[in-house]
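Okay, here's what each chain looks like letter by letter:
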Amino acid sequence: LSSILLSGMLTVVVGRAVFGASITINEAWQRLRPRLWALIGFTVLEVIGAALLVTVVVLIIAGVAVAANGVAATVIGVPLVLALIAGVIYLGTMLSFAPSIIVLERLEIIPAISRSFKLVRNDFWRVLGIWLLGGIVAAVVAGAVAVPFSFGGQMLLVSASSTVAAFAALVLLSIGGAIGQIITAPFSAGVVVLLYTDRRIRAEAFD
C-alpha cells in the first residue's frame, strides 16, 4: 500500500515538474486522494491477472504430467513457461502507463487500460527497452545500497545463538531493502511518467 501511495504521489509531482511547475506534498496528496481507490483497484487487478496466467500454465503442465509422464510435461511445459514470461513482459509494458493515466488524466480503470494500450502500441520496443533499462539501473542501485545491511544481516544469521539475534538479523536485512526502495522509487516513477509524457508528445502533439 505504501508503494502504491508513493508511486501515485510521485506521478503527480513529476507530472507537474514536466511543465516546470512545483507542488507541495499536501497538494500532491489532494490530487492523488480521489484517484487512490482506482489506483489500488488497478494494482489488485494486475496481480490477479498475473496470478491467473501462472495458475493456468501450472495446471496445464500438472495435467499433462498426470495424464502422460514427466517427459511430456517438460516438452509442453518449457514452451508454455517461455510464452508465459513473454506474455507477462508484453502485458506489463502495455499496461505501464495505466497508473499515470489513472492519476493524471483521472480516467477509470478500464478506460485507463485501453488508453495505455493505445499509447504504447506504436512504440512498444522503445518503451520496453527504456522501461527495462530503468528497472536494471534501479535494481543495481538498490542492491548496492542494501549490500552493507545484507552483509551485516548474514553475519548475524550465521552467528545467531538466540531468537533475538536472528530477529535482529532479519530486521537489518529488511531495513536495507526498504532504504534501497526509498532511494530508487522516485527514479522508477520518474522513468514511467517521463515515458508517458514522451509518448503523448510524439503521438498527440502534447507539447
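Only a predicted model underlies this, so the values are computations on that prediction, with no experimental measurement involved.

Draft legend 1. Inspection of the packing of aromatic side chains at higher detail. According to the stated counting rule, one finds three aromatic pairs in the structure shown. Geometrically, the ring pair formed by Tyr 90 and Phe 124 is tilted, given 5.4 Å between the ring centres and 40 degrees between the ring planes. Of this pair, Tyr 90 sits in helix 4 (residues 70-94) while Phe 124 sits in helix 7 (residues 124-159); the two residues are 34 residues apart in sequence, bridging distant segments of the chain. Residue classification places Tyr 90 among the partly exposed residues on the basis of a relative accessible area of 39%. The exposure class assigned to Phe 124 is buried, which follows from its relative accessible area of 13%. Here the aromatic rings of Phe 97 and Tyr 196 are separated by 6.0 Å at their centres, their planes lie at 70 degrees, and the arrangement is edge-to-face. In this pair, Phe 97 is assigned in the loop between helix 4 and helix 5 (98-105) and Tyr 196 in helix 8 (residues 163-204), connecting sequence segments 99 residues apart. The class for Phe 97 is buried, based on a relative accessible area of 1%. Aromatic ring contacts, followed pair by pair, group Tyr 90, Phe 124 and Trp 125 into a single cluster.

Draft legend 2. Structural context of the nonpolar core. Membership of the largest hydrophobic core comes to 29 residues, with the highest contact counts inside it found for Leu 39, Phe 42, Phe 97, Ile 101, Ile 102 and Val 120. Listing elements by their share of this core, those giving two or more residues are helix 1 (2-17), helix 2 (25-32), helix 3 (36-67), helix 5, helix 6 (109-121), helix 7 and helix 8. When near neighbours in sequence (up to four residues on either side) are disregarded, Leu 39 contacts Ile 4, Gly 8, Leu 32, Pro 99, Ile 102 and Val 103.

Draft legend 3. Expanded view of a nonpolar patch on the surface. A cluster of nonpolar residues, Val 18, Phe 19, Leu 194, Ile 201 and Phe 206, forms a patch on the protein surface that exposes about 440 Å² of accessible area. Positionally, Leu 194 belongs in helix 8.

Draft legend 4. Just the environment of Ala 72, in detail. Mapped onto the fold, Ala 72 is located in helix 4. Here Ala 72 falls in the partly exposed class, since its relative accessible area comes to 22%.

Draft legend 5. Inspection of the confidence of the model for the protein at higher detail. Confidence along the protein averages 87 in pLDDT terms, with 98% of residues attaining 70 or more. Within the protein, the element-level pLDDT minimum falls on helix 1, averaging 79, and the maximum on helix 6, averaging 95.

Draft legend 6. Focus on the pattern of salt bridges. Following the criterion strictly, the structure yields nine salt bridges and no others. Here Asp 123 ties to Arg 126 by a salt bridge, and the two come within 3.1 Å at their closest N and O atoms. Accessibility expressed as a relative area gives 29% for Arg 126, which makes it partly exposed. Within this structure, Asp 123, Arg 126, Asp 198, Arg 199 and Arg 202 form a network of salt bridges that share partners.

Draft legend 7. Representation of the environment of Gly 153. In this structure, Gly 153 sits in helix 7. Taking the C-alpha atoms as reference points, Gly 153 and Leu 173, 20 residues apart in sequence, are found 5.5 Å from one another.

Draft legend 8. Here's a closer look at helix 8. Across its 42 residues, helix 8 extends 59 Å between first and last C-alpha, which sits within 8% of the 62 Å expected from 1.5 Å per residue. Of all the bends found along helix 8, the most pronounced is centred on Thr 184 and spans about 40 degrees, while Pro 186, a proline, follows it within four residues. Positive phi shows up at Ala 205, right after helix 8, with a value of about 55 degrees.

Draft legend 9. Quick look at the packing of helix 7 against helix 8. Contact geometry of helix 7 with helix 8 gives a least axis separation of 8 Å together with a crossing angle of 170 degrees. With respect to each other, helix 7 and helix 8 are oriented roughly antiparallel. For the pair helix 7 and helix 8, the crossing hand works out as right-handed.

The rules behind each value
- Residues numbered from 1 in each chain as written.
- Predicted model: local features only at pLDDT ≥ 70, side-chain atom pairs only at ≥ 80, totals over all residues.
- Heavy atoms only, no water.
- Phe/Tyr/Trp six-rings, centres within 6.5 Å; stacked < 30°, edge-to-face > 60°.
- Helix = DSSP H or I, 4+ residues; strand = E, 2+ residues; numbered from the N terminus.
- Buried < 20%, exposed > 50% of the residue type's maximum accessible area, 1.4 Å probe, protein only.
- Core = buried A, V, L, I, M, F, W, Y, C linked by side-chain atoms within 4.5 Å.
- Contact = heavy atoms within 4.5 Å.
- Patch = residues over 30% accessible without salt bridge, like charges linked within 9 Å, V, L, I, M, F, W, Y side chains within 5 Å.
- Areas by Shrake-Rupley, 256 points an atom, 1.4 Å probe, with all protein chains shown as cover.
- Salt bridge = Lys/Arg side-chain N within 4 Å of Asp/Glu carboxyl O.
- pLDDT = per-residue confidence, 0-100.
- Expected span 1.5 Å × (residues − 1).
- Bend = angle between axes of the 7 residues up to and from the residue.
- Axes fitted to C-alpha atoms, helices over the stretch in contact; angles between N-to-C directions.
- Parallel < 35°, antiparallel > 145°, perpendicular 65-115°, else oblique.
- Left-handed = near helix turned anticlockwise from the far one by under 90°.

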